[in-house]
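The lines below spell out each chain.
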Amino acid sequence: NWTGYELILGSSIDPQFGPVLLFGMGGQLVELFKDRALGLPPLNTTLARRMMEQTKIYTALGGIRGRRGVDLDALAQLLVRFSQLVVEQRWISELDINPLLASPERLIALDARVVLHDLSIPEDQLPRLAIRPYPRKYAGTCTCRDGEVLRVRPIRPEDEPLVVEFHRTLSEETVFQRYLAHLGLDERTAHERLIRICFVDYHREMALVADRDAPVPGRPTIVGIGRLSRVFGTDDAEFAVLVTDAWQGRGIGTELLRRLVEIARAEGVAVIGAQMRTENIAMRKASERLGFMITAGSTDEVVRAEMQ
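Remember, predicted model here, so these are calculated numbers, not experimental data. (Residues numbered from 1 in each chain as written. Predicted model: local features only at pLDDT ≥ 70, side-chain atom pairs only at ≥ 80, totals over all residues. Heavy atoms only, no water.)

Enquirer: So what's going on with the environment of G10? Which residues, and what values?
Expert: Within the secondary structure layout, G10 lies in strand β1 (residues 5-14). Each C-alpha atom, one on G10 and one on S83, is 9.3 Å from the other, the two residues being 73 residues apart in sequence. The contact partners of G10, leaving out residues within four places of it in the chain, are V20, L21, L22, F82, L95 and D96. (Helix = DSSP H or I, 4+ residues; strand = E, 2+ residues; numbered from the N terminus. Contact = heavy atoms within 4.5 Å.)

Given below as structure tokens:
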């Protein structure tokens, strides 16, 4: 006769952070047990899982005492969609699903409540998100010189395994040209480092990946990464482009840099620049074609590419 677990999924406004999400044990005893976790929208599947794992009910959801577990992947996707609703509908002040019945067979909302902001509030004064949503407007496709079409999109936290595989394809020379130093594979693919690279604050940093479909369905291969990072306390930004050896010479680096320049203009960057090795002729030519000025760098081995 067991039917499932009663959960709560909600959103309310925090004076500092704007919309804040809540997940935990629901039902009539929600205030008694107070088994809950908070998060900031928008969520991705990784963030949704981390939010769920902070609660005590999460252990039971995986299955205990011979009971089958809930479909945790489906529950994480539900949290992601719930957060997207909160992001897209800025007039929502409070939103609760309680109880959300979770069983091995299904997830079903048994009751819900929505409260809107007062219509007298100007739209530009509605609470803002603490975390910028995934910038889908910067996603698209590009065509290589040999005619192959690649996807170009902002990086996501879920890309970490793909970035690890990407770094496995880089030669020592390519790594040295990009980082101006010899960095080993273990250092470049350390989890602590890739968290910062893949899980970016799109307000301060934008990273684009160029990927293609691999032989394994649903697992694309990254062939190039371009990054635009704001210089703290200024309106300036630094760029970096890295293309795997097998795909160099096909125009991918130039295309990634061109898009980074467009993003810099759209995001209000005043000056965009980078240091590169003097012998990195391909990147120097790509920069000059796009309008960068090449000047002397901090040492004889490097030059500075800069655009107002």
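Now, onward.
Enquirer: An account of the layout of surface pockets is requested, with residue identities and associated values reported.
Expert: With a probe scaled to a water molecule rolled over the atoms, the places where space remains empty come into view. Quantified by volume, the largest pocket comes out at close to 700 Å³. Surrounding the largest pocket, 29 residues form its lining, V241, V243, N280, A282 and M283 being those nearest its centre. When residues of the lining of the largest pocket are assigned to their parent elements, the largest contribution, 6 residues, is made by helix α10 (residues 281-289). Each residue belonging to the lining of the largest pocket can be placed in one class, and the counts come to 14 nonpolar, 9 polar and 6 charged. There is about 600 Å³ of room inside the second largest pocket. Around the second largest pocket, the lining is made up of 24 residues, and of these P42, L43, P133, Y134 and R136 lie nearest the centre. Of all elements in the fold, only α2 (45-53) and α4 (72-88) reach the threshold of two or more residues within the lining of the second largest pocket. Ranked by residue count, the leading element in the lining of the second largest pocket is α4, at 5 residues. A breakdown of the residues in the lining of the second largest pocket according to their chemical character gives 13 nonpolar, 4 polar and 7 charged. (1 Å grid on protein atoms, 1.4 Å probe; cavity = no way out; pocket = protein on both sides within 12 Å on 5 of 7 lines; lining within 4 Å. Points joined across faces, edges and corners; volume = space filled by probe spheres on them. Nonpolar A, V, L, I, M, F, W, Y, C, P; charged D, E, K, R; others polar.)

Enquirer: I'd like a description of the nonpolar core, backed by residues and values.
Expert: L150, L228, F239, V241, I252, I272 and F292 are the most contacted members of the largest nonpolar core, which totals 50 residues. Per element, the largest residue contribution to this core is 7 residues, and it comes from helix α9 (residues 252-266). In this structure F239 touches R227, L228, L257, L260, I272, G273, A274, M276, M283, S287, F292 and A305, once residues within four positions along its chain are discounted. Grouped together as the second largest cluster of nonpolar side chains are 28 residues, M52, V70, A76 and I92 included. (Core = buried A, V, L, I, M, F, W, Y, C linked by side-chain atoms within 4.5 Å. Buried < 20%, exposed > 50% of the residue type's maximum accessible area, 1.4 Å probe, protein only.)

Enquirer: Residue-level account of the state of the cysteines, with values.
Expert: A complete count under the given rule lists 0 disulfides for this structure. With no disulfide partner, C144 has as its closest neighbouring cysteine sulfur the one in C142, 5.3 Å distant. C198 carries a free sulfur, and the closest cysteine sulfur to it, the one in C142, is 19 Å from it. (Disulfide = S-S within 2.5 Å.)

Enquirer: Tell me about a nonpolar patch on the surface, residues and numbers included.
Expert: On the surface, a cluster of nonpolar side chains totalling about 330 Å² of accessible area is made up of L29, L32 and F33. Considering the arrangement of structural elements, one finds L32 in helix α1 (residues 30-33). Residue L32 is classed as exposed on the basis of its relative accessible area, which comes to 63%. (Patch = residues over 30% accessible without salt bridge, like charges linked within 9 Å, V, L, I, M, F, W, Y side chains within 5 Å. Areas by Shrake-Rupley, 256 points an atom, 1.4 Å probe, with all protein chains shown as cover. Salt bridge = Lys/Arg side-chain N within 4 Å of Asp/Glu carboxyl O.)

Enquirer: So what's going on with the pattern of salt bridges? Residues and values would help.
Expert: Pairs can form between side chains of opposite charge once their charged atoms are near each other. Taken as a whole and assessed by the stated rule, the structure comprises 21 salt bridges. A salt bridge links D146 to R250, with the nearest nitrogen and oxygen atoms 2.9 Å apart. Residue D146 is found in the loop between β7 (140-143) and β8 (149-154), and its partner R250 is found in the loop between β11 (237-243) and α9; the two are separated by 104 residues along the sequence. Accessibility expressed as a relative area gives 48% for D146, which makes it partly exposed. In this structure, the salt-bridge partner of R151 is D213, at a minimum N-O distance of 3.0 Å.

Enquirer: Requested: an account of the pairing of strand β2 (residues 18-25), with residues and values cited.
Expert: The buried count for β2 comes to 7 of 8 residues, which makes it a mostly enclosed element. Here β1 runs beside β2; their pairing, made up of 8 bridges, is antiparallel. Note on β2: the bridge partner recorded for G10 is L22. Connecting β1 to the next strand, β2, in antiparallel fashion are 3 residues. (Pairing = 2+ DSSP bridges.)

Enquirer: I'd like to hear about unusual backbone geometry, residue by residue, with values.
Expert: Geometrically, the link from P41 to P42 is a cis peptide bond, its omega value of 0° lying close to zero. Residue position: P42 is located in the loop between β3 (36-39) and α2. Note the cis peptide between N98 and P99, where omega equals 5°. You will see that K34, though not glycine, has its phi angle at about 50°, which is positive. For K34, the location among the structural elements is in the loop between α1 and β3. Take K34: its relative accessible area is 54%, and that puts it in the exposed class. Phi angles above zero are rare outside glycine, and L180 is one such case at about 60°. Structurally, L180 is set in the loop between α6 (172-179) and α7 (185-188).

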